[in-house]
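Single-letter residue listing:
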Number of protein chains: 2
Amino acid sequence: MRKSAADRFRHLFNRSLVFVRNQQNQQHHRLSPIPLSSSPFSSMASDSPFPVTAQNINPQVLKCQYAVRGEIVTLAQNLQKDLQANPGAHSFDEIIYCNIGNPQSLGQQPITFFREVLALCDYPALLDKSETQGLFSADSIERAWQIVDQIPGRATGAYSHSQGIQGLRDTIAAGIGERDGFPCNADDIFLTDGASPAVHMMMQLLTRSEKDGILCPIPQYPLYSASITLHGGHLVPYYLDEATGWGLEISELKKQLEDAKSKGINVRALVVINPGNPTGQVLAEENQRAIVEFCKKEGLVLLADEVYQENVYVPEKKFHSFKKVSRSMGYGDNDLCLVSFQSVSKGYHGECGKRGGYMEVTGFSPDVREQIYKVASVNLCSNITGQILASLIMSPPKVGDESYESFMAEKNAILSSLTKRAKSLEEALNKLEGVTCNKAEGAMYLFPRIRLPEKAIKAAEAEKTAPDAFYCKRLLNATGIVVVPGSGFGQVPGTWHFRCTILPQEDRIPAIVTRLTEFHEKFMNEFRD
Amino acid sequence: MRKSAADRFRHLFNRSLVFVRNQQNQQHHRLSPIPLSSSPFSSMASDSPFPVTAQNINPQVLKCQYAVRGEIVTLAQNLQKDLQANPGAHSFDEIIYCNIGNPQSLGQQPITFFREVLALCDYPALLDKSETQGLFSADSIERAWQIVDQIPGRATGAYSHSQGIQGLRDTIAAGIGERDGFPCNADDIFLTDGASPAVHMMMQLLTRSEKDGILCPIPQYPLYSASITLHGGHLVPYYLDEATGWGLEISELKKQLEDAKSKGINVRALVVINPGNPTGQVLAEENQRAIVEFCKKEGLVLLADEVYQENVYVPEKKFHSFKKVSRSMGYGDNDLCLVSFQSVSKGYHGECGKRGGYMEVTGFSPDVREQIYKVASVNLCSNITGQILASLIMSPPKVGDESYESFMAEKNAILSSLTKRAKSLEEALNKLEGVTCNKAEGAMYLFPRIRLPEKAIKAAEAEKTAPDAFYCKRLLNATGIVVVPGSGFGQVPGTWHFRCTILPQEDRIPAIVTRLTEFHEKFMNEFRD
């Protein structure tokens, strides 16, 4: 049953890619996957004045999809322009972007201490001026001095070591050690421009051909499918179980691994996103142990997306890094290839635009590590502002520091508000006809399932669009709320979902709930079977 | 003659890759290129405890080389550690990194206005405080207000549009328009984390298989060879003519294009680096017109690396962008696919660590542009600090602004000092026995040719190293000066060079010249035939 579901998924996943592509190109080969050797632009081909056409670019680029900034966002941006040009033309007066985990775009304020330190590091001349004392906290000045001193030659505008500034890596390693209770080696840290380039680096390293597979959760964050496609690999899906709160079952991993092997796929790695994106579940430690055991036994690299490690909203769950879990099982560098991704974009800070992040790379042989370093060196280094911020999030103010109390107040206000927002939206969604929504234990998203009436599905087909995309577009046009169709993340065939962030500011949530509820009622009234 | 030189180059280029790889791996298959299906690590293979080995990673990763941060830099870093641990252990007391265009690492100070604006944008709360007036220039405060106002929701920590913040792109487009005298559309600008990711994006877009070729200058900046290798394409070399100051001859482009075509290579693009890296020449406008004509006629994408556009040191030469040249020839969007790369890392500002840059993409069809946007969107956006800085370098203070005079003083001091440094080093190199060095008209490098005695070549062979790498390692060990062997950039077979930046501070140049001269004399005395 599961196996056939997986096969159906693969078909449908291809199908939904075709949907999107066709919509973009206003062509209509719906339901028939486009072979890569042909092209959706064939009518334009022969007489194109352009030497580069969609037919002769890298087919992996053509094939890759990233729904989080896909068609629905383009539609929203056009609506926004329309609203600016013709205020009052729509029944709403603004677009509310719930498509992407981008907290500051929705009004979340940056953490003061972090920005103080960044400003001082950007313009270190301030450190020598007496007026600075009145403008900045004492510990931000002290921290900025420390950081500037850690940079060789105090050159805050120089390329750093390709893994990042040594002193900042030391700070991060200490922070990881404190978090886990197990030591971290600064040489294992590779600072990157957000987590995305780190994921690409690992996919690039592990993928030799379409016969190399990566086990990915379904639903997944589409960076993974996009990166696997761009690097010419094979996404091996494993299904999270919606019925058990998006549980990750080892039996499912085993089955999908065997299935892939039987098709000649050489599975190289397992992606686990914890807390989950788009699904919001937080893994139990017991479950994590079983995952570690599975990867060790099968010789799989464990790619642990842990960028939401600070985003846990329920008292009964706690984040445990896979590094901590594997070390607590007695496993060391010779037992497991583990890569942990972290980002400054998420957590309570949400500094998406700073593009800071790192990967902690353990369990690889020295010669492979050398190759990872070499690829990092081709791009020279990640941005220094992001590097500094990555060190700050792993070493925030401590008890006794001047900023400590205000820092904790800012942090706790954000996290407790996110908890409330998650709860309000989850409850509102569960009240809608035909909608069920699992608990957002962590991360920044809800991923409700919508049971669409047959009539709505037919209407979607008539518009050459996926049913969930049809729903989301209707929602956008009626309310200005932007959510991403489940088909962009993958879902069990025949089920439909959307991803909605919990990020609009708290005072906006009631209005969003009202708009959403009204829309849904009207939608169901229009399409109810 | 040229054709056989090219063939010999290809052999030698492979050979030098093997050199480097073998040195790294302490294996000794010198002169016999390693087939990709086998591995230099075969002795480790069968009993490796690691599931990921150099034998089963992506062979393109294994093959790629980036000499600017390669073996010689690792040796230098080890020497530096040794110097710290055992001061006095060597005949020099510090390592002087002339391997990379990283001005601030060698003491160049950042431009005050740029850093003022960055600090204010990083911590916009400063804008509301009265003390700020005393600490920052009036125009930096005004500019920061403008920029913060251009960011939707004033959210300086949010992901931006995947091409970059609209208002900053407008500023950059205006700056390009002013530079060229031809308009630039902000929609053509893609802001990137330095120029490197932009180059990768284009290589990724254009490369379908090893049958797709990119015409690259030899010598070249090894980002190009690394990126082509990583994306599985084919580097089609064209030789710059050292005898005419590294002239770029159209006849050579034609010959190499025909040669590649005859081998079944589908050449897609031409890379031109102007001002040249590592060669320092500045192209004449007439030459650029001929290049534009060639690309238009042959349907090649012109990839114009223009990151050194502010670095021109001779009064008789002037930088002209390829956009300006093509527009002045009457060519528009339907005539030429042109991508111009720019970076905040170079110029007089040298803000390498900020990882800001952009590409201006013109002449591509809307459907291909959509694909470029999609790939940009997978990584969400480039870092905002780098985006802001890119807007500042394309729109620095103007006459009448409070900062104008101090800004111009800083800028001119850096550029006139670079001119002097280039001249001093060039003269010193030309005085060395067997060394000839072309004029550094622009960029940040000298690329002297060294005529090595046969005995030195034999000694290098005995050490399983390329003769130029042998020279550079000897130089490093004797003086602490780090330069990059010419084999990392490519060179006519049988000739040997190294790349040396002109970036050490002016007061250091005499000592460097003395050390270099003494070393060279001793080296020649040791190996003279």
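Above: the structure in question.
Rules and cut-offs
Residues numbered from 1 in each chain as written. Chains lettered and ligands numbered in written order. Predicted model: local features only at pLDDT ≥ 70, side-chain atom pairs only at ≥ 80, totals over all residues. Heavy atoms only, no water. Helix = DSSP H or I, 4+ residues; strand = E, 2+ residues; numbered from the N terminus. Contact = heavy atoms within 4.5 Å. Areas by Shrake-Rupley, 256 points an atom, 1.4 Å probe, with all protein chains shown as cover. Lys, Arg positive; Asp, Glu negative; His and termini not counted. Charge placed at Lys NZ, Arg CZ, Asp CG, Glu CD. Salt bridge = Lys/Arg side-chain N within 4 Å of Asp/Glu carboxyl O. Buried < 20%, exposed > 50% of the residue type's maximum accessible area, 1.4 Å probe, protein only. Core = buried A, V, L, I, M, F, W, Y, C linked by side-chain atoms within 4.5 Å. Least-squares fit on C-alpha atoms with pLDDT ≥ 70 in both. Pairing = 2+ DSSP bridges. Buried area = accessible area lost by both parts, 1.4 Å probe. Polar contact = N/O pair within 3.5 Å; in protein donor to acceptor, adjacent residues only side chain to side chain. Axes fitted to C-alpha atoms, helices over the stretch in contact; angles between N-to-C directions. Parallel < 35°, antiparallel > 145°, perpendicular 65-115°, else oblique. Left-handed = near helix turned anticlockwise from the far one by under 90°. Nonpolar A, V, L, I, M, F, W, Y, C, P; charged D, E, K, R; others polar.

(A) Here's a closer look at the overall build of chain A. Along the backbone of chain A there are 19 helices and 14 strands. Taking the principal axes of its C-alpha atoms as reference, chain A extends roughly 70 × 55 × 55 Å. Here the contacts in chain A between residues at least 6 apart in sequence split such that 72% fall between residues at least 24 apart. Only carbon and sulfur atoms are counted for the fraction: they give 51% of the accessible area of chain A, which is about 18200 Å². When the 55 positive and 59 negative side-chain charges of chain A are each reduced to one mean point, those points stand 6 Å apart.

(B) Structural view of the pattern of salt bridges. Using the criterion set out here, one finds 50 salt bridges over all chains in the structure. With a shortest N-O distance of 2.6 Å, Lys323 of chain A and Glu360 of chain A are connected by a salt bridge. With Lys323 of chain A in helix H13 (residues 322–328) and Glu360 of chain A in strand E8 (residues 357–362), the pair connects residues that are 37 residues apart, well separated along the chain. When sorted by exposure, Lys323 of chain A lands in the same class as Glu360 of chain A, which is buried. The closest approach of N and O atoms between Glu427 of chain B and Lys423 of chain B, which form a salt bridge, is 3.8 Å. Taken as a pair, Glu427 of chain B and Lys423 of chain B lie in helix H16 (residues 404–431) at a separation of 4 residues, close to a single helical turn. Since its relative accessible area comes to 40%, Lys423 of chain B is described here as partly exposed. Via salt bridges that share partners, Glu258, Lys261, Lys297 and Glu298 of chain A belong to a single interconnected network.

(C) Examining the nonpolar core more closely. With 348 residues, the main nonpolar core has Leu270 of chain A together with Leu270 of chain B as its most contacted residues. Ignoring any residue separated from it by four or fewer positions in sequence, one finds Leu270 of chain B in contact with Leu215, Tyr238, Leu253, Ile291, Phe294, Cys295, Leu300, Val301, Leu302 and Leu303 of chain B.

(D) The arrangement of unusual backbone geometry in detail. In this chain, Ile218 of chain A is followed by Pro219 of chain A through a cis amide linkage whose omega measures 5 degrees. Tracing the sequence through the fold places Pro219 of chain A in the loop between strand E3 (212–218) and helix H10 (223–230). Residues other than glycine seldom take positive phi values, yet Lys464 of chain A does so here, at roughly 55 degrees. As for its placement among the helices and strands, Lys464 of chain A is situated in the loop between helix H17 (454–462) and helix H18 (467–479). Backbone geometry places Trp246 of chain B, a non-glycine residue, at a positive phi of 60 degrees. For Trp246 of chain B, a relative accessible area of 4% corresponds to the buried category.

(E) Focus on the relation of the copies chain A and chain B. Superposing chain A onto chain B takes a rotation of 180 degrees plus a shift of 0.0 Å along the axis, which leaves an RMSD of 0.0 Å. These values place the two chain copies in the arrangement generated by a two-fold rotation axis. No C-alpha of chain A approaches the rotation axis more nearly than that of Ala119 of chain A, which lies at 2.1 Å. Taken together, the interface assignments show that 100% of the residues at the interface of chain A recur at the interface of chain B, consistent with an identical surface on both copies.

(F) View of the sheet that holds strand E14 (residues 498–501) of chain B. All names here are of chain B. As summarised here, the arrangement of the 3 strands in space is E10-E14-E13, forming an open sheet in which the pairing is antiparallel. Every other strand in the sheet has two partners, leaving strand E10 (445–446) and strand E13 (484–485) as the edge strands with one partner each. Relative to E14, E13 runs antiparallel, the two sharing 2 bridges. By the bridge assignment, Pro485 is partnered in E14 with Phe498.

(G) Fine view of the interface of chain A and chain B. Every contact between the two is made by 96 residues of chain A and, on the other side, 96 residues of chain B. It is Arg69, Leu135 and Tyr159 of chain A in chain A that bury the most area against chain B; as a group they hold 10% of the surface buried on that side. Inspection of the chain A/chain B interface yields 2 salt bridges. Across the pair Lys354 of chain A and Asp122 of chain B runs a salt bridge, and its minimum N-O distance is 2.4 Å. Where chain A packs against chain B, one counts 40 residue pairs in polar contact (both at pLDDT 80 or more).

(H) Geometry of the packing of helix H11 (residues 250–262) of chain B against helix H12 (residues 285–298) of chain B. All names here are of chain B. Taken N-terminus to C-terminus, the directions of H11 and H12 make an angle of 25 degrees; their axes are 10 Å apart at the nearest point. Accordingly, the angle class assigned to the pair H11 and H12 is roughly parallel. Considering how the two elements wind past one another, H11 and H12 form a crossing that is right-handed. Across the interface between the two elements, Ile250, Leu253, Lys254, Leu257 and Lys261 from H11 touch Asn287, Ala290, Ile291, Phe294 and Glu298 from H12. Split into classes, the residues belonging to the contact of H11 with H12 amount to 6 nonpolar, 1 polar and 3 charged.

(I) Structural detail: the environment of Ala466 of chain B. In this fold, Ala466 of chain B is placed in the loop between helix H17 (454–462) and helix H18 (467–479). Expressed as a C-alpha distance, the spacing of Ala466 of chain B and Pro485 of chain B, which sit 19 residues apart in the sequence, is 8.6 Å.

(J) Summary view of the packing of H18 of chain B against helix H19 (residues 509–527) of chain B. Residue and element names in this part refer to chain B. At their nearest, the axes of H18 and H19 sit 10 Å apart, and the two run at 125 degrees to each other. Here H18 is positioned oblique relative to H19, judged by the angle of their axes. At the point where H18 passes H19, the crossing takes the right-handed sense. Residues Phe470, Tyr471, Arg474, Leu475, Ala478 and Thr479 of H18 pack against Arg515, Leu516, Phe519, His520, Phe523, Glu526 and Phe527 of H19. Classifying every residue of the contact of H18 with H19 by side-chain character gives 8 nonpolar, 2 polar and 3 charged.

(K) Expanded view of the environment of Glu293 of chain A. All names here are of chain A. By the element assignment, Glu293 lies in helix H12 (residues 285–298). With 43 residues separating them along the chain, Glu293 and Leu336 place their C-alpha atoms 9.0 Å apart. Setting aside residues no more than four positions away along its own chain, Glu293 makes contact with Met329 and Tyr331.

(L) Main features of the sheet that holds strand E4 (residues 234–239) of chain B. Residues and elements named next belong to chain B. Read across the open sheet, the 7 strands follow the order E2-E8-E7-E6-E5-E3-E4; overall the sheet is mixed. Each edge of the open sheet is held by one strand with a lone partner, namely strand E2 (189–192) and E4. Direction aside, the axes of adjacent strands within the sheet are offset by 20 degrees on average. Sheet analysis places strand E3 (residues 212–218) next to strand E5 (residues 266–273), joined by 4 bridges and oriented parallel. When the sheet's bridge partners are listed, Ile214 is paired in E5 with Ala269.

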